[in-house]
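Observations on the three-dimensional arrangement
These are the residues of each chain, in order.
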2 protein chains.
Amino acid sequence: MAEKKAVKEITSMEEDFAQWYTDVVVKAELTGYTSVKGFMVLKPAGYAIWELIQKQLDAKFKETGVENVYLPLLIPEGLLQKEKDHVEGFAPEVAWVTHGGLNQLQERLCVRPTSETLFCDFYQKDIQSYRDLPKVYNQWCSVVRWEKETRPFLRSREFLWQEGHTAHATAEEAEERTVQMLNVYADFCENVLAIPVVKGQKTDKEKFAGAVSTYTIEALMHDGKALQSGTSHNFGDGFAKAFGVQFTDKDNTLKHVHQTSWGVTTRLIGAVIMVHGDDNGLKLPPRIAPTQVCIVPIMQKKEGVLDKAFELKEKLGKVARVKVDDTDKSPGFKFAECEMRGIPVRVEVGPRDIENNQAVLVRRDTAEKITVSLDEIESKVSELLETIQKNMLVAAREHRDSHTYKAENWEEFKDVIANKPGFVKAMWCGDVECENKIKEETTATSRCMPFEQEEISDKCVCCGKPAKKMVYWGKAY
Amino acid sequence: MAEKKAVKEITSMEEDFAQWYTDVVVKAELTGYTSVKGFMVLKPAGYAIWELIQKQLDAKFKETGVENVYLPLLIPEGLLQKEKDHVEGFAPEVAWVTHGGLNQLQERLCVRPTSETLFCDFYQKDIQSYRDLPKVYNQWCSVVRWEKETRPFLRSREFLWQEGHTAHATAEEAEERTVQMLNVYADFCENVLAIPVVKGQKTDKEKFAGAVSTYTIEALMHDGKALQSGTSHNFGDGFAKAFGVQFTDKDNTLKHVHQTSWGVTTRLIGAVIMVHGDDNGLKLPPRIAPTQVCIVPIMQKKEGVLDKAFELKEKLGKVARVKVDDTDKSPGFKFAECEMRGIPVRVEVGPRDIENNQAVLVRRDTAEKITVSLDEIESKVSELLETIQKNMLVAAREHRDSHTYKAENWEEFKDVIANKPGFVKAMWCGDVECENKIKEETTATSRCMPFEQEEISDKCVCCGKPAKKMVYWGKAY
């Protein structure tokens, strides 16, 4: 078992969660290195997860009428500056192109940190009449933000994402779309990533630069820290006014459109790692596992074993994404590798199994071993993948719920934040000064004002004044 | 028919091919405008074609063992400069990032014009042993090249593409992969885009900066000009030596890897427009048509007509990508729009048709009208799409072949180039001076030395010295 140990040499979660995270990302071969500081390399195992996220999310988008487009990578400085709050939010963290070829540019261009300004510029030219509305566009691309501290998937100078940008004739329709897309994200996280999320609204302090309101889904990581996992913004007609995006309505008057934007990023992969992973490595929900089943032949040099393994691959290939590990590594090493890479089901098949017309299925989520007849292995594996998918969501929800606390007053609040990693539900007066004080004294931030409100008390947990909203608070990535 | 005329107001191909091209791109709503000079916007109709290209090509790649990855958008100047020929080829046309956030960078970064240098940097860190080989990686992304003159799809400052980058233990394996991927491209062009191509090798003058050999597929546009449609490069171990990409081989000695790269771009959409289009607009091969069938209800206000149209949509949706045009435009206007957008099959259904349990199918490629029974419309449409796909390739091949000429001597050559737009097959001595002279005096360039050689004469068409290769020459985009 010395070899098994070798692949497993990662820091334990309890000992050092941050180091555990880095170890998993490297040992599961999700990311790689180049000399470009602060930038991420997605290796095949990491990119394949993103492809599965993309494919399933894109299909959901299209069901709601979303169309994909592609807009320029670079934004002229003048365009970025048209909306005041937006430029203040983004200017300090963009990369500037100053030279094209051998010549200095007359106007600097920034590498898009997000594309609201470009979509406005485009819509201003493309929208004339109510007949041109709504525009429900999305693009899959990368964006650049000049972060100082970077961590794979969680914060890097470039990340992959999708950004939806819509334009509507009425405020109601824009609000409806904002909430609709947040629900698409929440359902996707639960059903595909097996991550339960809290849906709610950001406070003014935490909302997106230029938005009237920002909705968010917040997930809880294994270490009790929160991760903002997706956001959906309602811009009202603020951007439309700044960019002059107008249309002639049915009543023949000129009106400004109402806009939204919404996005999720490769950060979701970070969430999957930190919600589901354990000391053996990554644990992937079947729906985003590039390899769902790994067949490990036992005593593979014995006649018939490899043949049987590939026969099983053929069979299981109809219901799952399957690989055979026929390398010359030891079975123990292969088991550890399957675990490290988070493959949901391992199938072990050796001479004795073949004799008995059976194979052993090993679950990554529970380590349970199940002996099945080869006659019904297809249906068993298919069912097992469904079971694992569901079980992982249940486990994640239990962890989240058992790490969600309430605090009625300031002492309780400080105590929970200091000693019990997790979400803290507490009342808030609506004043930014209380938010600031909480952040300064505890490093916790307001994660969201959940759509599902509860009345924990009638006083602000910080200042004791009458409370307006129940807020989820927490330390966050 | 005034309305029909309105949507059709495009310049005729014969009158002004360049203007016709621009008109089609705009009227078919493939691209849009922003204030970012020289950059392209892909609107839904244009991007959906790219999505279908991506999906089908990506599946073909994966069948040959390709894995997708993602590398950084920006390249440090020092990295770009490591391979001498490569930097000379690209430095004059890259965009430079000089500031990140509020600070000037210590080293400039260029927006990737292509990613050979990044892959080398990555492989240098990631490859140690023969066990790590081959690496057969690809990425889908955009690249930036600071072009002076731009045209949608054909030449713009940013374009979408895929770039494959592989590393192998032997020169033979690298050469095999280079040719393999060229064949994937050629098959894709013929079977999916219905565009016949000439496969061959670029001359030294025309090859990629840093390559040992460049293979290309060359297509002929309707106006008789050539379009380089995809390239595959064998780098030998030149890049590996410049970047120190080494591995320990089975014999325990340290060796340099052999590398390849290969790419196709959104330019393919330009090829589809210019090979298949006509004075009524775009003509899309069914396999890349986002909408393959458009149902136009006739007298749609009559009871039962719209119901029948949507019933047909439901039915045909099983075998094709279908839309119903139930807007309040006139049928004539809708017909013209279907044509402009290149939709392969239009289905007309009105009260009389319903009475007779029939519908009329109209082919975009031949304008033929076919009356079919509603009982067998699914199979008829399905067959028709196949027929159109094949017929479009046949038509394109006929056009290409009838515009491919031979020239045995200099007078003939100049005459053909001046008077007969198309490919010219002619012998070449292998000397770059003849290539230069041909370009200067005729503006034609060597497109490729085709794999299928013919002996047209034994003398170079330019200098009369002994010929080494038969070359396809032509004016090119």
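As the structure is a computational prediction, the values presented were derived from the model and not from experiment.

In the numbering used here, UniProt assigns the feature "domain: Aminoacyl-transfer RNA synthetases class-II family profile" (unreviewed entry) to residues 42-285 of chain A. Spanning residues 42-285 of chain A, this segment combines 32% helix with 32% strand, and its end C-alpha atoms are found 19 Å apart.

Residues and elements named next belong to chain A. By the assigned domains, chain A splits into domain 1 (15-276), domain 2 (293-384) and domain 3 (404-474). In this structure, domain 1 and domain 3 have C-alpha centres spaced 28 Å apart. With 18 residues of domain 1 in contact, the opposing surface of domain 3 contributes 16 residues. When domain 1 packs against domain 3, the two sides together hide about 1,500 Å² of surface, and 67% of this comes from carbon and sulfur.

Below, the discussion takes up the interface of chain A and chain B. Tallying the contact residues gives 50 residues for chain A and 50 residues for chain B. Buried area between chain A and chain B, summed over both chains or domains, comes out near 4,300 Å², and the portion from carbon and sulfur atoms is 63%. Where chain A packs against chain B, one counts 4 salt bridges. Salt-bridge contacts for A:Lys62 lead to B:Glu51; the nearest nitrogen and oxygen are separated by 3.0 Å. In terms of residue count, the dominant contributor to the side of chain A that touches chain B is strand β5 (residues 95-100) of chain A (6 residues). Its residues assigned to classes, the side of chain A that touches chain B comprises 31 nonpolar, 9 polar and 10 charged.

Moving on to the packing of aromatic side chains. Tallying each qualifying case throughout the model produces 38 aromatic pairs over all chains. Pairing B:Phe235 with B:Phe239 gives two aromatic rings, centres 4.7 Å apart and planes at 70 degrees, and the pair type is edge-to-face. In this structure B:Phe235 comes out as buried when scored by relative accessible area, which is 3%. Put simply, the rings of A:Trp50, A:Phe61, A:Trp140, A:Tyr185 and A:Trp262 pair up and form one aromatic cluster. Note that A:Lys225 overlies the ring of A:Tyr477, its terminal NZ or CZ placed 4.5 Å from the centroid.

What follows deals with the environment of B:Glu386. Within the secondary structure, B:Glu386 sits in helix α13 (residues 377-402). In the structure, B:Glu386 is positioned 159 residues away from B:Leu227 in sequence and 26 Å away in space, judged by C-alpha atoms.

The next point concerns the nonpolar core. The nonpolar side chains of soluble globular proteins are, as a tendency, buried together. A:Leu193, A:Ile273, B:Leu193 and B:Ile273 are the most contacted members of the largest nonpolar core, which totals 204 residues. Sequence-distant contacts of B:Ile273, defined by excluding residues within four places in its chain, comprise B:Trp20, B:Tyr21, B:Val24, B:Val25, B:Leu30, B:Phe153 and B:Leu282.

The antiparallel open sheet is built from 6 strands, whose spatial order is β4(A)-β6(A)-β5(A)-β5(B)-β6(B)-β4(B). Strand pairing shows two members of the sheet lacking a second neighbour, β4 (74-76) of chain A together with β4 (74-76) of chain B, which therefore form its edges. With strand direction ignored, the average angle separating the axes of adjacent strands in the sheet is 45 degrees. Sheet topology places β5(A) next to strand β5 (residues 95-100) of chain B; 5 bridges connect them, and they run antiparallel. Across the sheet, residue A:His99 finds its bridge partner in β5(B), namely B:Trp96.

This next bit is on the relation of the copies chain A and chain B. Between chain A and chain B, the superposition needs a rotation of 180 degrees and an axial shift of 0.0 Å, giving an RMSD of 0.0 Å. Taken together, the rotation angle and the small translation identify this as a two-fold axis. Closest approach to the rotation axis among the C-alpha atoms of chain A is made by A:Val97, whose C-alpha sits 2.1 Å away. Interface overlap between copies: 100% of the residues of chain A at the interface are likewise at the interface in chain B, consistent with a symmetric, same-surface contact.

A word on a negative patch on the surface. On the surface, B:Glu14, B:Glu15, B:Asp16 and B:Asp279 cluster together to form a negatively charged patch. With respect to the helices, strands and loops of the structure, B:Glu15 is situated in the loop between α1 (2-8) and α2 (17-27).

The next point concerns unusual backbone geometry. A cis amide bond links A:Leu133 with the next residue in sequence, A:Pro134, at an omega value of -10 degrees. As for its position among the elements, A:Pro134 is in the loop between α6 (116-126) and β7 (135-144). The phi angle at B:Asn357 is positive, at roughly 55 degrees, despite the residue not being glycine. Counting through the fold element by element, B:Asn357 comes out in the loop between α12 (351-355) and β18 (358-363). On the basis of relative accessible area, B:Asn357 is assigned to the partly exposed category, the value being 29%. Here the phi dihedral of B:Thr443 falls at roughly 65 degrees; this positive angle occurs in a residue that is not glycine. Here B:Thr443 lies in the loop between α15 (432-442) and β22 (445-450).

Bringing the pairing of strand β11 (residues 226-236) of chain B into the picture now. All names here are of chain B. Counting buried positions along β11 yields 10 of 11 residues, so the element is predominantly enclosed. By the bridge criterion, 8 bridges tie strand β10 (residues 213-220) to β11 in an arrangement that is antiparallel. Directly across from Thr 214, in β11, lies its bridge partner His 233. Remark: 5 residues form the turn of the hairpin made by β10 and β11, two consecutive strands paired antiparallel; Gly 224 in that turn has positive phi of roughly 85 degrees. Relative to strand β14 (residues 258-265), β11 is paired through 5 bridges, and the arrangement is antiparallel. Paired with Thr 231 across the bridge in β14 is Gly 263.

A few words on helix α6 (residues 116-126) of chain B. Burial runs high along α6(B): 9 of the 11 residues are buried. For α6(B), the complete set of buried residues consists of B:Glu116, B:Thr117, B:Leu118, B:Phe119, B:Cys120, B:Asp121, B:Phe122, B:Tyr123 and B:Asp126.

Scoring rules and cut-offs
Residues numbered from 1 in each chain as written. Chains lettered and ligands numbered in written order. Predicted model: local features only at pLDDT ≥ 70, side-chain atom pairs only at ≥ 80, totals over all residues. Heavy atoms only, no water. UniProt positions renumbered as here; feature names shortened; annotations may be inferred. Helix = DSSP H or I, 4+ residues; strand = E, 2+ residues; numbered from the N terminus. Domains from an automatic or database assignment. Contact = heavy atoms within 4.5 Å. Buried area = accessible area lost by both parts, 1.4 Å probe. Salt bridge = Lys/Arg side-chain N within 4 Å of Asp/Glu carboxyl O. Nonpolar A, V, L, I, M, F, W, Y, C, P; charged D, E, K, R; others polar. Phe/Tyr/Trp six-rings, centres within 6.5 Å; stacked < 30°, edge-to-face > 60°. Buried < 20%, exposed > 50% of the residue type's maximum accessible area, 1.4 Å probe, protein only. Lys NZ or Arg CZ within 6 Å of the ring centre and 35° of its normal. Core = buried A, V, L, I, M, F, W, Y, C linked by side-chain atoms within 4.5 Å. Pairing = 2+ DSSP bridges. Axes fitted to C-alpha atoms, helices over the stretch in contact; angles between N-to-C directions. Least-squares fit on C-alpha atoms with pLDDT ≥ 70 in both. Patch = residues over 30% accessible without salt bridge, like charges linked within 9 Å, V, L, I, M, F, W, Y side chains within 5 Å. Areas by Shrake-Rupley, 256 points an atom, 1.4 Å probe, with all protein chains shown as cover. Lys, Arg positive; Asp, Glu negative; His and termini not counted. Charge placed at Lys NZ, Arg CZ, Asp CG, Glu CD.

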